[in-house]
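Architecture at a glance
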Amino acid sequence: MIKHDHQEHQNQRNRFVHSSSEPMSHHDHHTASAHEGHDSHGVDKHAGHHVEDFRNRFFICVAITVPILLLSPMIQMFMGVNWRFPYDYVILFLLSSFIFFYGGVPFLTGAYREIKQKLPGMMTLIALAIVVAYGYSSLMVLGITEVDFFWELATLIDIMLLGHWLEMRSIMGASNALEKLVQLIPSEAHLITESGDTKDVAVSALKPEQMILIKPGERIPVDGIIQSGQSSVDEAMLTGESVPVIKQPGDRVIGGAMNGEGALRVTVQNAGETGYLSQVIQLVKEAQESKSKAQTLSDKAAKWLFYVALATGLITLATWLILGYSFDFAMQRMVTVMIIACPHALGLAVPLVVSTSTSIAAEKGLLIRNRTAFEEARQLNAVVFDKTGTLTKGKFGITDILPEKSQYDEASLLSHVGALESQSEHPISKGIMDEVKKRGLNLEQPESFQALTGKGLQGKVGGKNIQVVSPGYMKDNDIGHPHEAYQQLTAQGKTVVFAVIDGRYAGMLALADQVRESGKVAIEKLRALGVESMMLTGDNHQVAKLVGNKLGLNEIYAEVLPHEKANKIAEIQNKGYRVAMTGDGVNDAPALAKADLGIAVGAGTDVAIETADVVLVRSDPEDVVSILALSRKTYAKMVQNLWWATGYNIMAIPLAAGVLYGMGILLNPALGAVLMSLSTIVVAVNAKLLKI
């Protein structure tokens, strides 16, 4: 258990200043977060194009491909028909030209960027194949050649558009995490003027030392110090503290927290870019921008296939010319080599697996937002869990009921207390009412009811004066109670409330955040996979230790302030761990972005979900195990598919070049197309065999 000095971190946080409080634009944020669209060299192969763009081009090109196939002499030969007519090749040329320029432009522009940076990859390989196919086939219109590859050109562009559409659709879109964070801050605040009146002003116009009014149930607009008033403030989304905190004059409040039942007068301390939430926004931005740009396996294969295709094609042309064969024959061999070097299967090898794994994950409530981080999850060896809302349910449950046995039993005490708590929406009240419902107790309707701000509840039930109050109230009013039992409960990190009936102690109830039953199972499964489990929380040591012991955790980091969580993740990474972070609050957002894999539970805040790489819809820790298992199986399928796709090339390119021509074996374009199709089918079927 690592302890941190709260004041020191408070000072560090106050010293933290970032460059701008303005959120990134949609475009900028896309650039920062959707890094998986880049190869290892930093060339964005999808730059300037969107998911809808590839989808539209694909469907239009498929429609145009149908008449191209029907007009193609080679396809007619396969079908055993003769549908030739005068100038049919002119129509074939015009249709193919449309597909080349309309469907091929994303690959041509992508290849231009890759070549400009001297970093050929998949786009260059595709461009090489379609330029050679179109250029050579167009010579048929001029009567220079008798063979065309128009149908090959069309189907190749169709398949590549499909592959890139599937790939982009699976990639996480531009995250709006920062916009979600900003939405926590109200646009207006109630400024108290020098005359004592209140007027609504823009939050951006507030200045330090000004006084504002925060009404019950409102979200706090800026950081500040309470001057008057008392209320319970819910900071769970910001600090991870599971229990609403009672705030009194002199206490600090944080912008973005939710005020409870009391009105507060607050002196503005930090606003704008120096505010706490603005600092969290900056941390999220920095963590997202610091992520590495991973290179996909298909990009590696494409780069080497480009060099192989270019070299083999030129060597093939030169060899056959040297051997005395006609230029037309040598050119046909070279073109066949270059087209076959760009197999349809390679364009689908990775996207089909990605699409399949994404669908499987979605069916099981695992939403993959960042493909690259998900694929690399197979290498993870540590999972850091946030406590509240992840390993625990994030809501109170009764753990102990200790009635004054001479007067009450558990059921009667709970009935009296429940009658009052049924009138309140406080988290403690909800926890007590859950227990009442579980036991099937019938409650009387209170004759009167009053909330004691920061102290509890009081009212009259069945003619008795009943109070459900805090330890502070018991002390202030000198009401005797079993101190030893109380100390034991608080030592376990539990929240204790007291029941006072007709002015006398009647019993106490202990509540705690409920541990998820699946948490311990998940930790055991992760341990079996060789993955270390850790807990990171803003809660106090006692609560963290209690939860950690129940779950069998060895490494627990408690009292970690929100802005330190990302730093803690970095510390763990520096120890040699590849880390997944699981959380659900705003305070978890920077850590989720900093981790190698950020996992948000679906019941969490929008910002945690938007910052994460994977979202667990069911908020079940066991789903973390499923993510790791699916990642490992997905990678295995990718490798298998790449071998199927490139293995075909290893065999087909030499045959297309005519290495065995002396033995009467020559791979003609028609047979090459058949083998290419078979390779594509194998890759597609293999992808669909992926199971979790």
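Residues numbered from 1 in each chain as written. Predicted model: local features only at pLDDT ≥ 70, side-chain atom pairs only at ≥ 80, totals over all residues. Heavy atoms only, no water.

An unreviewed UniProt entry lists the protein chain under the name P-type Cu(+) transporter, with Cohnella phaseoli as the source organism. Recorded under Catalytic activity (unreviewed entry), the UniProt text for the protein chain is reproduced unchanged: "Cu(+)(in) + ATP + H2O = Cu(+)(out) + ADP + phosphate + H(+)". Under the heading Sequence similarities (unreviewed entry), UniProt records this for the protein chain: "Belongs to the cation transport ATPase (P-type) (TC 3.A.3) family. Type IB subfamily." (UniProt positions renumbered as here; feature names shortened; annotations may be inferred.)

1. Quick look at the overall build of the protein chain
For the protein chain, the count of helices and strands is 27 helices and 22 strands. For the protein chain, the residues scored as buried account for 54% of the 692 residues in total. With an accessible surface of roughly 29,200 Å², the protein chain has 56% of that area assigned to carbon and sulfur atoms. (Helix = DSSP H or I, 4+ residues; strand = E, 2+ residues; numbered from the N terminus. Buried < 20%, exposed > 50% of the residue type's maximum accessible area, 1.4 Å probe, protein only. Areas by Shrake-Rupley, 256 points an atom, 1.4 Å probe, with all protein chains shown as cover.)

2. Some points on the pairing of strand S21 (residues 597–601)
Taken across its 5 residues, S21 has 5 buried, putting it largely inside the fold. Residues Leu 597, Ile 599 and Val 601 point to one face of S21 and Gly 598 and Ala 600 to the other, with burial holding for every one of them. Direction of pairing for strand S20 (residues 579–583) relative to S21: parallel, over a ladder of 4 bridges. From the neighbouring strand, Gly 583 faces S21, where its bridge partner is Ala 600. Tracing the backbone out of S20, into helix H24 (residues 589–594) and back to the parallel element S21 gives a crossover that is right-handed. Here S21 pairs with strand S22 (residues 614–616) via 3 bridges, running parallel. Within S22, the residue paired with Ala 600 across the bridge is Val 615. (Pairing = 2+ DSSP bridges. Right-handed = clockwise from strand over helix to strand, strands pointing away.)

3. Examining the nonpolar core
The biggest cluster of nonpolar side chains holds 104 residues, and the ones touching the most others in it are Leu 153, Leu 346 and Leu 597. Broken down by element, this core gets its largest block of residues, 13 residues, from helix H26 (residues 622–657). If we ignore the near neighbours within four places in the chain, the residues touching Leu 153 are Ser 96, Phe 100, Ile 130, Ala 133 and Tyr 134. The next biggest cluster of nonpolar side chains, apart from the first, holds 23 residues, and it includes Tyr 408, Ala 419, Leu 420 and Ala 499. (Core = buried A, V, L, I, M, F, W, Y, C linked by side-chain atoms within 4.5 Å. Contact = heavy atoms within 4.5 Å.)

4. Remarks on helix H3 (residues 51–71)
For the α-helix, the turn length of 3.6 residues means that residues three or four positions removed from each other point alike. A rise of 1.5 Å per residue sets the reference length of H3, with its 21 residues, at 30 Å; its end C-alpha atoms lie 31 Å apart and thus fit the reference within 8%. The largest bend in H3 amounts to roughly 25° and is located at Thr 65, with the proline Pro 67 lying one to four residues further along. Every buried residue of H3 is listed here: Asp 53, Phe 54, Arg 57, Phe 58, Cys 61, Thr 65, Ile 68 and Leu 71. (Expected span 1.5 Å × (residues − 1). Bend = angle between axes of the 7 residues up to and from the residue.)

5. Let's talk about the sheet that holds strand S5 (residues 231–234)
Pairing within the open sheet is antiparallel, and its 3 strands lie in the order S6-S5-S8. Of all the strands in the sheet, just strand S6 (245–247) and strand S8 (258–259) have a single pairing partner and so form its edges. Pairing analysis gives 2 bridges linking S5 to S8, with the strands arranged antiparallel. Across the sheet, residue Val 233 finds its bridge partner in S8, namely Asn 259.

6. Here's the deal with the pairing of strand S17 (residues 504–515)
Most of S17 is tucked away, with 10 of its 12 residues classed as buried. Pairing of strand S16 (residues 495–501) with S17 involves 7 bridges; the strand directions are antiparallel. Its bridge partner lying in S17, Ala 499 is registered against Gly 507. The hairpin turn running from S16 into S17, its antiparallel successor, is 2 residues long, and Asp 502 in that turn takes a positive phi close to 55°.

7. Side note on the pattern of salt bridges
One pass over the structure, following the stated rule, counts 13 salt bridges. Linking Glu 435 and Arg 439 is a salt bridge whose minimum nitrogen-to-oxygen distance equals 3.0 Å. Placement of the pair is Glu 435 and Arg 439 together in helix H18 (residues 427–439), with a separation of 4 residues, close to one helical turn. Judged by relative accessible area, which is 34%, Arg 439 ranks as partly exposed. A salt bridge links Glu 622 to Lys 525, with the nearest nitrogen and oxygen atoms 2.8 Å apart. You can see Glu 622 sitting in helix H26 and its partner Lys 525 sitting in helix H21 (residues 517–528), a full 97 residues away along the chain. Residue classification places Glu 622 among the partly exposed positions, given a relative accessible area of 23%. Look at Lys 525 and you get partly exposed, because its relative accessible area is 39%. Three or more residues are tied together by salt bridges with common partners; here these are Glu 410, Glu 435, Lys 438 and Arg 439. (Salt bridge = Lys/Arg side-chain N within 4 Å of Asp/Glu carboxyl O.)

8. Notes on the packing of H3 against helix H5 (residues 88–103)
Between H3 and H5, the shortest axis-to-axis distance is 10 Å and the interhelical angle comes to 160°. Considering their axes alone, H3 and H5 lie roughly antiparallel with respect to each other. Our pair here, H3 against H5, has a crossing hand that is left-handed. Where H3 approaches H5, its residues Asn 56, Arg 57, Ile 60, Cys 61, Ile 64, Thr 65, Pro 67, Ile 68 and Leu 71 are matched on the opposing element by Asp 88, Ile 91, Leu 92, Leu 95, Ser 96, Phe 98, Ile 99, Tyr 102 and Gly 103. Of the residues that constitute the contact of H3 with H5, the class distribution is 12 nonpolar, 4 polar and 2 charged. (Axes fitted to C-alpha atoms, helices over the stretch in contact; angles between N-to-C directions. Parallel < 35°, antiparallel > 145°, perpendicular 65-115°, else oblique. Left-handed = near helix turned anticlockwise from the far one by under 90°. Nonpolar A, V, L, I, M, F, W, Y, C, P; charged D, E, K, R; others polar.)

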